[in-house]
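Structural overview
Each chain, written out:
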Protein chains: 2
Amino acid sequence: MPERAPSRGRPRDIDAGRRILIAARDLLLVDGYAALSIDEVADQAGVAKTTLYRRWPTKDHLIVAVVALMQDDVPILDTGDIRADLTDYLRQVADGLNTMRRAGLPESADDRSAGVVAEIAAAAARHADLGTLIRAVFARRNAMAIGLLASAARRGALRTDLDVAVLFDQLVGPLYYRILVTGEPVDHPYLDLIIDGALRGARPSHAHPA
Amino acid sequence: MPERAPSRGRPRDIDAGRRILIAARDLLLVDGYAALSIDEVADQAGVAKTTLYRRWPTKDHLIVAVVALMQDDVPILDTGDIRADLTDYLRQVADGLNTMRRAGLPESADDRSAGVVAEIAAAAARHADLGTLIRAVFARRNAMAIGLLASAARRGALRTDLDVAVLFDQLVGPLYYRILVTGEPVDHPYLDLIIDGALRGARPSHAHPA
DNA sequence: TTACTTCCGCTACCCAGGTATCGGAAAGGT
DNA sequence: ACCTTTCCGATACCTGGGTAGCGGAAGTAA
């Protein structure tokens, strides 16, 4: 949402952008990505379509902005218990994914649609700027999670000879794989299994078994 | 590609479907998903647009059919060396992903686009039938890979108390995560790191270190 | 042959994302 | 006040995915 103020000419209607985002969020959660129409968003925001396009050049840009706003940056705590901290983090990620997964879908709980998540990934693939944007949105949280692993390694809770970035991929990768590819559920028992598998090989060799 | 023969009425032009798929594949690899237009496919296949839509009801269905055809089912060998066999399998997966990743993109090698892969995931999210279709395409190969892990566990090369399906997710999940989310490269060194991380925790406790 | 069925190609059309243009409105500079 | 700049809203339009309806072509069944 580029909000430059040129201080010359008519200023932008500050509230218009907010109303557009609210209308888009509401329609996205109710109707999903495909059924959300730009005309309806503009209409519901009380704004001309051109005003909307002046702020977000494509539907993808608008939707990514909406999703980015919905990500409230809950901090990751480093309590010293690596398993508990990782559980907290992965549950945050899984909750966000599961929420977007069923956006706009009826209550038929048995279909394996990736919903909005897949549309975001496709939007990032179509527009390079959106890719960097959404990666920046999650960068801080991801960096904290990786820092969690690094500090655990420093204090001897993890092996020191492994790449924490790769370990991180093996923690979150399966979640995205299930959401985007297989459609299988990503629930708390699954998260525990993932953490078990990742940490089992990451413990130092002299550690006593959990 | 539903090819029913009702034996009544004018039979379908057998060659038309083939020509459509060829034209679609060529245009997909050159132009990518967004720039591929149905009209151009029909035109290049020498076929009316309605004939195309009689076989594939949406652009997504057509593209998924094209991608499914491009997957030649290379068998997975179980040589007894679990690390070598997994390397073979993951390289197959990564090669396929990397090929589709850059479909339709120029030679600018530094952008992290997921390309066609993300569009396929989105197509699977939009149409439930396409989701089951593409999962069926990879089902055999995935089942062989999981069988690889199971047989390794049976002969004592892996722990027997772990869920091989979860272990499988931790092997392939990071690949899709990198392709679809982070855009980072998925090359052979990365595959080795993933296999290392997954197998390190999967070895039986009495095993001697590699 | 004739009747029936289904496909083909064609045209016309609907819908939604996105663009172009234009008169007018809301600011700042002088 | 007046000009300049930029935004707003409205309309018209282009494009591409997808649908509807038609006459005719290619087959089977009698």
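Up top you'll find the structure we're talking about.
Criteria and cut-off values
Residue indices begin from 1 for each chain and proceed along its sequence in written order. Just so you know, chain letters begin at A and ligand numbers begin at 1, following the order they were written in. Thresholds applied to this predicted model are a pLDDT of at least 70 for local features of residues and 80 or more for the giving and counting of side-chain atom pairs; totals over whole chains, interfaces and linings are not thresholded and use all residues. The basis for every side-chain value is the complete set of non-hydrogen atoms in the structure, without hydrogens or water. Superposition of the copies was done by least squares, using only C-alpha atoms of residues whose pLDDT is at least 70 in both. Contacts: residue pairs with any heavy atoms within 4.5 Å of one another. Two parts lose some accessible area (1.4 Å probe) when they are put together, and adding that loss for both gives the buried area. Note on definitions: salt bridges are taken to be side-chain nitrogens of Lys or Arg within 4 Å of carboxyl oxygens of Asp or Glu. Pairing of N or O atoms within 3.5 Å defines a polar contact, subject to two protein rules: one partner must be a possible hydrogen donor and the other a possible acceptor, and residues neighboring in sequence count only if both atoms are side-chain atoms. Working definition: helices are DSSP H or I runs of at least four residues, strands are E runs of at least two. Numbering for both runs from the N terminus. Three classes are used: nonpolar for Ala, Val, Leu, Ile, Met, Phe, Trp, Tyr, Cys and Pro, charged for Asp, Glu, Lys and Arg, and polar for all others, with Gly counted as polar. All axes are obtained by fitting lines to C-alpha atoms, using only the stretch in contact for helices, and the reported angles, taken between N-to-C directions, cover 0 to 180 degrees. In these notes the angle categories are as follows: under 35 degrees is roughly parallel, over 145 is roughly antiparallel, 65 to 115 is roughly perpendicular, and the rest is oblique. Whether two aromatic rings pair depends on their centres lying within 6.5 Å, for rings of Phe, Tyr and Trp, where Trp uses its six-membered ring; planes under 30 degrees apart make the pair stacked, over 60 edge-to-face, and the rest tilted. Categorising residues by exposure relies on relative accessible area from a 1.4 Å probe, with only protein chains included: less than 20% of the type maximum marks a residue as buried, more than 50% marks it as exposed, and the intermediate range marks it as partly exposed. The length a helix should cover is 1.5 Å for every residue beyond the first. Throughout, bend refers to the angle between the axes fitted to the seven residues that end at a position and the seven residues that start at it. Handedness of a helix crossing follows the sense of rotation of the near helix relative to the far helix, less than a right angle counterclockwise being left-handed and clockwise being right-handed.

**Some remarks on the relation of the copies chain B and chain A**
Note on the identical chains: chain B maps onto chain A by a rotation of 180° and an axial translation of 0.0 Å, with an RMSD of 0.1 Å. Given the turn and translation reported, the copies of this chain are related as if by a two-fold rotation axis. No C-alpha of chain B approaches the rotation axis more nearly than that of B:G201, which lies at 1.6 Å. Interface overlap between copies: 100% of the residues of chain B at the interface are likewise at the interface in chain A, consistent with a symmetric, same-surface contact.

**A word on the interface of chain B and chain A**
With 36 residues of chain B at the contact, the number on the chain A side is 36 residues. A combined buried area of about 3000 Å² lies between chain B and chain A, and 58% of that area is made up of carbon and sulfur atoms. Note that B:R126 and A:E119 form a salt bridge whose closest N and O atoms lie 3.0 Å from each other. Connecting chain B to chain A are twelve residue pairs in polar contact (both at pLDDT 80 or more). The set of elements that each furnish at least two residues to the side of chain B that touches chain A consists of helix 6 (115-126), helix 7 (128-154), helix 8 (164-182) and helix 9 (188-200) of chain B. By residue number, the principal contributor to the side of chain B that touches chain A is helix 8 of chain B, which donates 13 residues. Taken together, the residues of the side of chain B that touches chain A break down into 18 nonpolar, nine polar and nine charged.

**Notes on the packing of helix 8 (residues 164-182) of chain A against helix 8 of chain B**
Where helix 8 of chain A meets helix 8 of chain B, the axes come as close as 6 Å, and the angle between the chain directions of the two elements is 80°. Taken together, the axis directions place helix 8 of chain A and helix 8 of chain B in an arrangement best described as roughly perpendicular. Side by side, helix 8 of chain A and helix 8 of chain B meet where A:F168, A:D169, A:Q170, A:V172, A:G173, A:P174, A:Y176, A:Y177, A:R178, A:L180 and A:V181 of the first sit next to B:F168, B:D169, B:Q170, B:V172, B:G173, B:P174, B:Y176, B:Y177, B:R178, B:L180 and B:V181 of the second. Its residues assigned to classes, the contact of helix 8 of chain A with helix 8 of chain B shows 14 nonpolar, four polar and four charged.

**With respect to the packing of aromatic side chains**
Residue and element names in this part refer to chain A. Per the counting criterion, the structure on display carries four aromatic pairs over all chains. Relative to F168, the ring of Y89 has its centre 6.1 Å away and its plane inclined at 40°; by these criteria the two rings are tilted. Within this pair, whereas Y89 is found in helix 5 (residues 82-101), its partner F168 is found in helix 8, the two being separated by 79 residues in sequence. Here Y89 falls in the buried class, since its relative accessible area comes to 2%.

**Focus: helix 8 of chain B**
All names here are of chain B. Between its terminal C-alpha atoms helix 8 stretches 26 Å, which fits the 27 Å expected from 19 residues at 1.5 Å a residue. Maximum bend of helix 8: about 35°, positioned at V172, with proline P174 one to four residues after it. Across the 19 residues of helix 8, 18 count as buried, placing the element largely inside the fold. Here helix 8 starts with a cap whose side-chain oxygen sits 2.9 Å from the backbone nitrogen of A165, and that cap is D163. Two residues or fewer past helix 8, G183 is found with a positive phi of approximately 75°.

**Some points on the packing of helix 5 of chain A against helix 8 of chain A**
Residue and element names in this part refer to chain A. Remark: helix 5 packs on helix 8, axes separated minimally by 11 Å, with the N-to-C direction vectors making an angle of 20°. Classified by the angle their axes make, helix 5 and helix 8 are roughly parallel. Judged by the sense of rotation from one axis to the other, the crossing of helix 5 with helix 8 is right-handed. Judged by residue contacts, L86, Y89, L90, V93, A94, L97, N98 and R101 of helix 5 engage F168, L171, V172, L175, Y176, R178 and I179 from helix 8. Considered class by class, the residues forming the contact of helix 5 with helix 8 number twelve nonpolar, one polar and two charged.

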